[in-house]
Amino acid sequence: MLAVLSRVKAPRWFSSEILSRCSMVKEVGKDESGLFRLSCSPVSALWRRSGGVRDVGTSTIRCAKVRGTPKKGDMSEKKLTRHFVDHRRVKLMAGSGGKGACSFHSEPRKEWGGPDGGDGGDGGSIIIKADRLVKSLAQVVPLYKGEDGQSGRSKNCYGRNGSTTYISVPLGTVVKEQGETIVDLAVHGQEYLAVFGGAGGKGNRFFLSNENRAPMTATPGVEGQERVLQLELRTMAHAGLVGFPNAGKSSLLRAISNARPAVAAYPFTTLNPHVGIVQYRDHEQVAVADIPGIIRGAHLNRGLGISFLRHIERCRFLLFVLDLSVPEPWAQLQHLRYELDQYEPGLSQRPQAIVANKMDLSEAREKLETLKSRVTQRVIPVSALTGQNTEELILHLRELYDGYLKGEGQSI
């Protein structure tokens, strides 16, 4: 009985490829004229309806992949805010040193080999380094722990030192501790040794002397230094667009530079600074920062006033953007200068220009003449929506930049 059952083979389930080949062999035949003909049997038709055979070629346009990289749209203000971080509080813990070893040399026919315990390795330090490729503090985590040094071993083997941990931050990052500025990282590659790693312990070999030929002493490693620091990013740009919310600063930055901040047809305010580059024919580049809208009482930290005003400190010259759709645009200029001077005395006296935006409106022409009669600085009328007169603004921006370079050269 068992022999009979062993001869019975299990049923073989045919794959879709095998069935399709069998059906094709049965369907292909010759007609009376000797030419090959293709007939569709009920089995093959049923199999096609069940999805077993693909009767659509992959070389057709419908099945081919779309060539080329799809164009990405502009990111919304909500997504841009999520990626841009200009303030971090970090806790740094350097690595501890490894402990020293206490051992004695043991070898046949050498009973008194002496102490051979090695020293422990030093703990790893943490260094903050400025990198021009980093644009935000978003990648900085709240806690950093340095690598500990390895312990010493016998046969005078020293422990390995812990590797140094580097924290890459953008240019213009200010390191503070308890509100006091420690260092300003404004140059690419500039480093600041924030916390030191602990020293490694000493093995009993270190304590060998003529008075003590068999020391039993070995010291543990020193714990690493711990600190809590505040990292603040201040935008590094030559010019800053200063104005109230919905004055058209983001639209103006899109019109004159390569930056693409979020804009919309409805009123809303920018939540983080954007930096755009204005390129000239002589390959000179001027960085322009779109400072988020300032409200009245910003120097008292109303809203997000202090976090916005600190980005203006790095700007060498200012562009006051006024909204000509309001009843009195010249009053905006007075309030803006007051907020800047209250935050830092003399901040509003830097080289500047007044940009009268939204000239495409019908009532803007009359308000422009009134604005020119009330101020002594140069007023540049533009329309960020249509691009009207943006060339004059770009040329005047270059004049301010050349004057800044000339003054810097004279000071040196």
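Owing to the predicted nature of the structure, the values given are computational and were not obtained by experimental measurement. (Residues numbered from 1 in each chain as written. Predicted model: local features only at pLDDT ≥ 70, side-chain atom pairs only at ≥ 80, totals over all residues. Heavy atoms only, no water.)

### A short note on the pattern of salt bridges
Here is step 1: Considering all chains together, one arrives at nine salt bridges under this definition.
Here is step 2: With a closest N to O distance of 3.0 Å, Arg160 and Glu147 form a salt bridge. With Arg160 in the loop between β5 (143-145) and β6 (165-169) and Glu147 in the loop between β5 and β6, the pair connects residues that are 13 residues apart, well separated along the chain.
Here is step 3: Overall, the relative accessible area of 44% leaves Arg160 in the partly exposed class.
Here is step 4: One salt bridge in this structure joins Glu177 and Arg227, with 2.6 Å as the shortest N-O distance. (Salt bridge = Lys/Arg side-chain N within 4 Å of Asp/Glu carboxyl O. Helix = DSSP H or I, 4+ residues; strand = E, 2+ residues; numbered from the N terminus. Buried < 20%, exposed > 50% of the residue type's maximum accessible area, 1.4 Å probe, protein only.)

### Brief notes about the sheet that holds strand β15 (residues 352-357)
Here is step 1: Read from one edge to the other, the open sheet built from six strands follows the order β12-β13-β11-β14-β15-β16, with strand pairing classed as mixed. Only two strands of the sheet have a single neighbouring strand rather than two, namely β12 (274-279) and β16 (379-381). Within the sheet, the average angular offset between the axes of one strand and its neighbour, ignoring direction, is 25°.
Here is step 2: In this sheet, strand β13 (residues 285-290) lies alongside β12 in antiparallel orientation, the contact comprising six bridges. Each residue of the ladder has a partner; that of Ile277, found in β13, is Ala287.
Here is step 3: The sheet contacts of helix α7 (residues 329-343) involve β11 (239-242), β14 (317-323) and β15, and relative to β14 the element is tilted by about 140°. (Pairing = 2+ DSSP bridges. Axes fitted to C-alpha atoms, helices over the stretch in contact; angles between N-to-C directions. Contact = heavy atoms within 4.5 Å.)

### What to know about the environment of Gly224
Here is step 1: You can see Gly224 is positioned in the loop between β9 (191-195) and β10 (226-233).
Here is step 2: A residue is classified by how much of its surface remains accessible, and Gly224, at 15% relative accessible area, is buried.
Here is step 3: The sequence separation of Gly224 and Lys145 amounts to 79 residues, and the corresponding C-alpha distance is 9.5 Å.
Here is step 4: Those residues in contact with Gly224, other than ones at most four positions away along the chain, are Ala94, Gly95, Ser96, Phe196, Gly197 and Gly198.

### Topic: helix α5 (residues 249-256)
Here is step 1: The set of residues buried in α5 consists of Lys249, Ser250, Leu252, Leu253 and Ile256. Down the axis of α5, the smallest arc covering the buried residues is 160°, so these residues share one side. (Arc of directions from axis to C-beta.)

### Description of the pairing of strand β8 (residues 180-185)
Look at any regular strand and the pattern is simple: side chains alternate between the two faces of the sheet.
Here is step 1: In this structure, strand β7 (residues 173-177) lies alongside β8, joined through five bridges in antiparallel fashion. Among the inter-strand pairings, Val175 is bridged to a residue of β8, identified as Val183.
Here is step 2: Between the end of β7 and the start of β8, which pair antiparallel, lie two residues, with Gln178 showing a positive phi angle near 55°.

### Comments concerning the nonpolar core
Here is step 1: Judged by nonpolar contacts, the single largest core of 25 residues is most densely connected at Ile312, Leu318, Phe320, Ile354, Leu371 and Val379.
Here is step 2: Put simply, the parts of the chain that give this core at least two residues each are β13, β14, α7, β15 and α8 (364-374).
Here is step 3: Examining the composition of this core, we find that four residues originate from one element, α7, more than from any other.
Here is step 4: Residues within four places of Leu318 in sequence aside, it is in contact with Gly240, Val242, Ile312, Leu340, Leu347, Ser348, Pro351, Gln352 and Ala353.
Here is step 5: Of all hydrophobic cores here, the second largest spans 22 residues; its members include Leu252, Phe317, Val321 and Val382. (Core = buried A, V, L, I, M, F, W, Y, C linked by side-chain atoms within 4.5 Å.)

### Notes on the sheet that holds strand β3 (residues 87-93)
Here is step 1: One open sheet accounts for five strands, arranged β5-β3-β10-β7-β8; its pairing is mixed. The open sheet has two edge strands, β5 and β8, and neither has a second partner. Direction aside, neighbouring strands of the sheet carry axes that sit 30° apart on average.

### A closer look at the confidence of the model for the chain
Here is step 1: On average, residues of the chain score 75 in pLDDT, and 69% of them reach the 70 mark or higher.
Here is step 2: Every residue in residues 56-65 scores below 50 in pLDDT, and together they form four contacts with partners more than four places removed in sequence or on other chains.
Here is step 3: The model gives residues 297-306 a pLDDT under 50, and that stretch makes 17 contacts with residues more than four places away or in other chains. (pLDDT = per-residue confidence, 0-100.)

### Considerations on the pairing of β14
Here is step 1: Most of β14 sits out of view: seven of its seven residues are buried.
Here is step 2: Neither face of β14 is left uncovered, since the one carrying Phe317, Leu319, Val321 and Asp323 and the one carrying Leu318, Phe320 and Leu322 both have all their residues buried.
Here is step 3: Sheet topology note: the β11/β14 ladder contains four bridges and is parallel. Paired with Gly240 across the bridge in β14 is Leu318.
Here is step 4: Pairing geometry for β14 and β15, over six bridges, is parallel. For Val321, the partnering residue across the bridge sits in β15 and is Val355.
Here is step 5: With respect to chirality, the unit in which β14 leads through α7 into the neighbouring parallel β15 is right-handed. (Right-handed = clockwise from strand over helix to strand, strands pointing away.)

### Focus: the packing of aromatic side chains
Here is step 1: Taken as a whole, this structure holds one aromatic pair when the rule is applied.
Here is step 2: Ring centres of Phe206 and Phe207 lie 5.3 Å apart, and the angle between their planes is 90°; on these two criteria the pair is classed as edge-to-face.
Here is step 3: The residue whose ring lies beneath Lys202 is Phe206, and the NZ or CZ to ring-centre distance is 5.0 Å.
Here is step 4: The ring of Phe320 is capped by Arg337, whose NZ or CZ atom sits 5.8 Å from the centre of that ring. (Phe/Tyr/Trp six-rings, centres within 6.5 Å; stacked < 30°, edge-to-face > 60°. Lys NZ or Arg CZ within 6 Å of the ring centre and 35° of its normal.)

### Thoughts on unusual backbone geometry
Residues apart from glycine generally show negative phi values, whereas peptide bonds are mostly found in trans.
Here is step 1: Positive phi values are uncommon outside glycine, yet Gln178 reaches one of about 55°.
Here is step 2: With respect to the element layout, Gln178 can be found in the loop between β7 and β8.
Here is step 3: Phi at Asn389 takes a positive value of approximately 60°, unusual for a residue other than glycine.
Here is step 4: Summarising the element assignment, Asn389 is placed in the loop between β16 and α9 (390-411).

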